[in-house]
Amino acid sequence: MKARTDAEHAAKMKKIQAAQNKKVAAKTVEKGLVIVHTGPGKGKTSAALGMAIRAIGHDMKVGVVQFVKGAMATGEKAVFDRFPDLVEFKPMGEGFTWDTQDRARDIAVTRTAWDEVKRMIADPSYAMVIADELNIVLRYDYLPVDEVLDALAAKPAMTHVIITGRNAPQTLIDAADLVTEMAQVKHPFREQNVKAQAGIEF
């Protein structure tokens, strides 16, 4: 295959640039998004917290409620606690369901955490609300999906809501504006017996 000359490459890139600029100019809607990160691969919470960092960089107020995490110290909480005026970070879980082994308590903890999420969503001072691992508790029927959909439908127009966790219900996927499914290709926990490590998993 013949290599392109610099002039041919520049001409092609100029054409692509013009087409891209035309696409961007046609996008005029600005709105708060419902975003879902799901799938078996690693990175769902990490991606959501990355967006929280972006929001903080724009002086936007962020609320984070964690439905499973809470029983252990995490690096993200240590960071977000340094921005008390911009971030309310609430790890409200008590660990994985196989560790707690108490369905009634898990449901009660879920309800308390969901009440916090609803409060944040309803408050227009929050530009972004992250419901971390909400999909996990939905999967175990600790919270009705319809209640989540109702809260999302009633949210302020410019509020972004990010929901993470494996096995997002189809009705939530259908209601969302942006859905990303993380696919697992390799994971050292499975292939190399590498334990969860600070800075990577927590």
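All figures in this text were calculated on a predicted structure; none of them were measured in a lab.

I would appreciate a short explanation of helix 2 (residues 44–57) in the present structure.
Here helix 2 contains 14 residues, and its C-alpha end-to-end distance of 20 Å stays within 8% of the 20 Å for a straight helix at 1.5 Å per residue. Structurally, helix 2 contributes buried residues whose contacts are with strand 1 (34–38), strand 2 (62–66), helix 3 (75–80), strand 3 (87–91), strand 4 (128–132) and strand 5 (160–164).

What should I look at first to understand the packing of aromatic side chains in this one?
The description of an aromatic ring pair rests on the distance of the ring centres and on the angle between the ring planes. Throughout the structure, instances matching the rule amount to two aromatic pairs. Consider the rings of Y140 and Y142, whose centres lie 5.8 Å apart with planes at 25°: the pair is stacked. Here the basic side chain of K61 rests over the ring of Y126, its NZ or CZ set 4.2 Å away from the ring centre. We note R139 situated over the ring of Y140; from NZ or CZ to the ring centre the distance is 5.8 Å.

Would you explain the pairing of strand 5 in this entry?
Counting buried positions over the five residues of strand 5 gives five, a clear majority of the element. Alternating residues of strand 5 divide into H160, I162 and T164 and V161 and I163, and every residue in both groups is buried. In terms of strand pairing, strand 1 meets strand 5 through four bridges, oriented parallel. In the sheet register, I35 faces strand 5, and the bridge partner there is I162. Relative to strand 5, strand 4 runs parallel, the two being bridged by four bridges. For V129, the partnering residue across the bridge sits in strand 5 and is V161.

Is there a simple way to think about the pattern of salt bridges in this case?
Pairing is possible between side chains of opposite charge, provided their charged atoms come close. Across all of its chains, the model carries nine salt bridges by this definition. Two residues, D177 and K31, come together in a salt bridge whose shortest N-O distance is 2.9 Å. Taken as a pair, D177 in the loop between helix 8 (170–175) and strand 6 (178–181) and K31 in the loop between helix 1 (6–26) and strand 1 lie far apart in primary sequence, 146 residues in all. A residue is classified by how much of its surface remains accessible, and D177, at 38% relative accessible area, is partly exposed.

Explanation requested: the nonpolar core in the structure shown.
Where a protein is soluble and globular, its nonpolar side chains tend to be buried together. In this structure, F67, W114, V117, L134, V148 and I163 are the most contacted members of the largest nonpolar core, which totals 27 residues. Of all the secondary-structure elements, those providing two or more residues to this core are strand 1, helix 5 (103–122), strand 4, helix 6 (134–139), helix 7 (145–153) and strand 5. Ranked by the residues each element gives to this core, the list is headed by helix 5, at five residues. Other than its neighbours up to four places away in sequence, V117 contacts V65, F67, V129 and A131.

How should the layout of surface pockets be read in this particular structure?
Rolling a probe over the atoms, with the probe sized like a water molecule, indicates the empty space that remains. Taken as a whole, the second largest pocket encloses approximately 180 Å³ of empty space. Considering the residues around the second largest pocket, the lining is formed by L33, I35, M51, R54, A55, H58, M60, M128 and H160. Of the residues forming the lining of the second largest pocket, the biggest block, three residues, is contributed by helix 2. Classifying every residue of the lining of the second largest pocket by side-chain character gives six nonpolar, two polar and one charged.

Would you explain the sheet that holds strand 6 in this entry?
In a beta sheet, neighbouring strands are held together by backbone hydrogen bonds and run either parallel or antiparallel to one another. Across the sheet, which stays open at both edges, the six strands sit in the order 3-2-4-5-1-6 with parallel pairing between neighbours. Single-partner strands in this sheet number two, and they are strand 3 and strand 6. When strand polarity is set aside, the average angle formed by the axes of neighbouring strands in this sheet is 10°. Strand direction decides the pairing type here: strand 1 and strand 6, joined by four bridges, are parallel.

Parameters and conventions
Residues numbered from 1 in each chain as written. Predicted model: local features only at pLDDT ≥ 70, side-chain atom pairs only at ≥ 80, totals over all residues. Heavy atoms only, no water. Helix = DSSP H or I, 4+ residues; strand = E, 2+ residues; numbered from the N terminus. Expected span 1.5 Å × (residues − 1). Contact = heavy atoms within 4.5 Å. Phe/Tyr/Trp six-rings, centres within 6.5 Å; stacked < 30°, edge-to-face > 60°. Lys NZ or Arg CZ within 6 Å of the ring centre and 35° of its normal. Buried < 20%, exposed > 50% of the residue type's maximum accessible area, 1.4 Å probe, protein only. Pairing = 2+ DSSP bridges. Salt bridge = Lys/Arg side-chain N within 4 Å of Asp/Glu carboxyl O. Core = buried A, V, L, I, M, F, W, Y, C linked by side-chain atoms within 4.5 Å. 1 Å grid on protein atoms, 1.4 Å probe; cavity = no way out; pocket = protein on both sides within 12 Å on 5 of 7 lines; lining within 4 Å. Points joined across faces, edges and corners; volume = space filled by probe spheres on them. Nonpolar A, V, L, I, M, F, W, Y, C, P; charged D, E, K, R; others polar. Axes fitted to C-alpha atoms, helices over the stretch in contact; angles between N-to-C directions.

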